[in-house]
Amino acid sequence: MEFIIISGLSGAGKSRAAAALEDMGVYCVDNMPVALLPQLADIFLNMQDRYTRVALVTDIRAWGDANELLFALDELRSQGIAYRILFLYADMPTLIKRYKETRRRHPLETGTVSLEAAIRRETGILEPIRRQAEDVINTTNMTLGQLKNRIEDIFGSEVARRGIGVNVISFGFKYGVPIEADMVFDVRFLPNPYYIEELRHKTGLDDPVYDYVFRDGTAAEFLDKLLEMLLFLLPLYEKEGKYSLTVGIGCTGGQHRSVSIARALAEHLKQRDIPVRIEHRNIDGDTKVR
């Protein structure tokens, strides 16, 4: 069991860090009362068959004195529970800018305590936690993608090593474009097996339909160009913190051409060890996952 304690200054990106860890398969609990930390850790230890990596987000909202968290951490150590502290911070101008942009109130800000004074007070309160942290990240001028990459560097997992995944969706335009698609490609320019009587009631999962779609070389040329573009884009999207890309392949009914191209695209991506999930949304005239 691996326990990660996420703490740091308000507005420094703790929730974003937790989201990055969740994408890596870590179970995260946010804004947890410090007094419950030892009990919660004990619960997760007894459920190691379900939870192997747990991140607990705790900050000034849950306690007013760093000694409360330090005492809870001592309790963990006394129970023989190992943990790792991740501490996030940013400089004063950056934190002020973030609060101004989100129009949220700092937890320590009041009618008599300004935002700047609240940040300074919180910085002082959290200094003992920062000194104990194994991993400290300065999120000043850091994009979400850079933060995600930094989290993956520190807490690398199998998910992180595999890199960005691709969701391939075949669909029929007459049923609508998948709203979750990051990019959509129209393959209605390809030969349509619908007009071949013996192929009409088959789908792109059947080899005769697949072979018909690819028979004149146009589909193969399109696939090569599409694959080349995706192989160019995937590392760039991954660099920006995107963990999956959804590609929609559409034809008229979503049964023949789009299924054939989606099938071929998924096979080529798998050959390059890129994680792929394929869905043939309208292969039977409605939403189906295959």
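Anything mentioned here points back to the structure above.
Rules and cut-offs
Residues numbered from 1 in each chain as written. Predicted model: local features only at pLDDT ≥ 70, side-chain atom pairs only at ≥ 80, totals over all residues. Heavy atoms only, no water. Helix = DSSP H or I, 4+ residues; strand = E, 2+ residues; numbered from the N terminus. Rg over C-alpha atoms; globule rule 2.2 N^0.38 Å. Buried < 20%, exposed > 50% of the residue type's maximum accessible area, 1.4 Å probe, protein only. Contact = heavy atoms within 4.5 Å. Areas by Shrake-Rupley, 256 points an atom, 1.4 Å probe, with all protein chains shown as cover. Lys, Arg positive; Asp, Glu negative; His and termini not counted. Charge placed at Lys NZ, Arg CZ, Asp CG, Glu CD. Pairing = 2+ DSSP bridges. Axes fitted to C-alpha atoms, helices over the stretch in contact; angles between N-to-C directions. Salt bridge = Lys/Arg side-chain N within 4 Å of Asp/Glu carboxyl O. Left-handed = near helix turned anticlockwise from the far one by under 90°. Nonpolar A, V, L, I, M, F, W, Y, C, P; charged D, E, K, R; others polar.

Draft legend 1. Quick peek at the overall build of the protein chain. Assigned secondary structure in the protein chain consists of 11 helices and 9 strands. Computed over the C-alpha atoms, the radius of gyration of the protein chain is 25 Å, more than 25% above the 19 Å expected from 2.2 N^0.38 for a compact globule of 290 residues. When burial is assessed residue by residue, the protein chain has 49% of its 290 residues classed as buried. Here the contacts in the protein chain between residues at least 6 apart in sequence split such that 77% fall between residues at least 24 apart. As displayed, the protein chain has an accessible area near 14800 Å², and 48% of this comes from carbon and sulfur atoms. Each charge class in the protein chain was averaged separately, 37 positive and 41 negative side chains, and the resulting centres sit 4 Å apart.

Draft legend 2. How the structure looks around the side chain of Ser258. For Ser258, the position within the fold is in helix 11 (residues 257-271). Excluding anything up to four places from it in sequence, Ser258 contacts Ser170, Phe171, Val187, Ile249, Gly250 and Cys251.

Draft legend 3. Just the pairing of strand 7 (residues 183-186), in detail. The alternating pattern of strand 7 places Met183 and Phe185 on a buried face and Val184 and Asp186 on a face that is not buried. Sheet topology note: the strand 7/strand 8 (residues 244-251) ladder contains 4 bridges and is parallel. By the bridge assignment for strand 8, Met183 is matched with Val247.

Draft legend 4. Representation of the sheet that holds strand 1 (residues 2-8) within the structure. Spatial ordering of the open sheet is given by 2-3-1-4-5, a layout of 5 strands whose pairing is parallel. The sheet is open, and its two edges are formed by strand 2 (27-29) and strand 5 (135-138), each paired on a single side. The mean inter-strand angle of the sheet, taken between neighbouring strand axes irrespective of direction, is 20°.

Draft legend 5. Expanded view of the sheet that holds strand 9 (residues 276-280). Ordered in space as 7-8-6-9, the 4 strands form an open sheet in which the pairing is parallel. Both edges of this open sheet fall to strand 7 and strand 9, since each of them pairs with a single strand only. For this sheet the average axis-to-axis angle between neighbouring strands, irrespective of direction, equals 20°. Summarising the sheet, strand 6 (residues 165-172) and strand 8 pair through 8 bridges and their orientation is parallel. Within strand 8, the residue paired with Ile169 across the bridge is Gly248. Its contacts with the sheet place helix 10 (residues 218-239) against strand 6, strand 7 and strand 8, and it is angled at close to 175° to strand 7. Those strands touched by helix 11 are strand 6, strand 8 and strand 9, and its axis lies near 170° from that of strand 9.

Draft legend 6. Local environment of the pattern of salt bridges. Counted by the stated rule, this structure contains 12 salt bridges. Between Glu180 and Arg281 there is a salt bridge, and its shortest N-O distance comes to 2.5 Å. Remark: Arg281 occurs in the segment after strand 9 and Glu180 occurs in the loop between strand 6 and strand 7; sequence separation between them is 101 residues. With relative accessibility at 35%, the residue Glu180 sits in the partly exposed group. Judged by its relative accessible area of 16%, Arg281 is buried. Among the salt bridges present, the one from Asp207 reaches Arg263, with a minimum N-O distance of 2.7 Å. Taken together, the residues Asp207 in helix 9 (residues 207-213) and Arg263 in helix 11 connect sequence positions 56 residues apart. The exposure class of Arg263 is buried, given its relative accessible area of 17%. One network of salt bridges, with partners in common, ties together Glu180, Arg277, Glu279 and Arg281.

Draft legend 7. Quick peek at the packing of helix 2 (residues 37-45) against helix 3 (residues 66-78). It is at 9 Å that the axes of helix 2 and helix 3 come closest, and there the two elements cross at 35°. Between helix 2 and helix 3 the crossing geometry is right-handed. Across the interface between the two elements, Leu37, Pro38 and Ala41 from helix 2 touch Leu69, Ala72, Glu75 and Leu76 from helix 3. Its residues assigned to classes, the contact of helix 2 with helix 3 shows 6 nonpolar, no polar and 1 charged.

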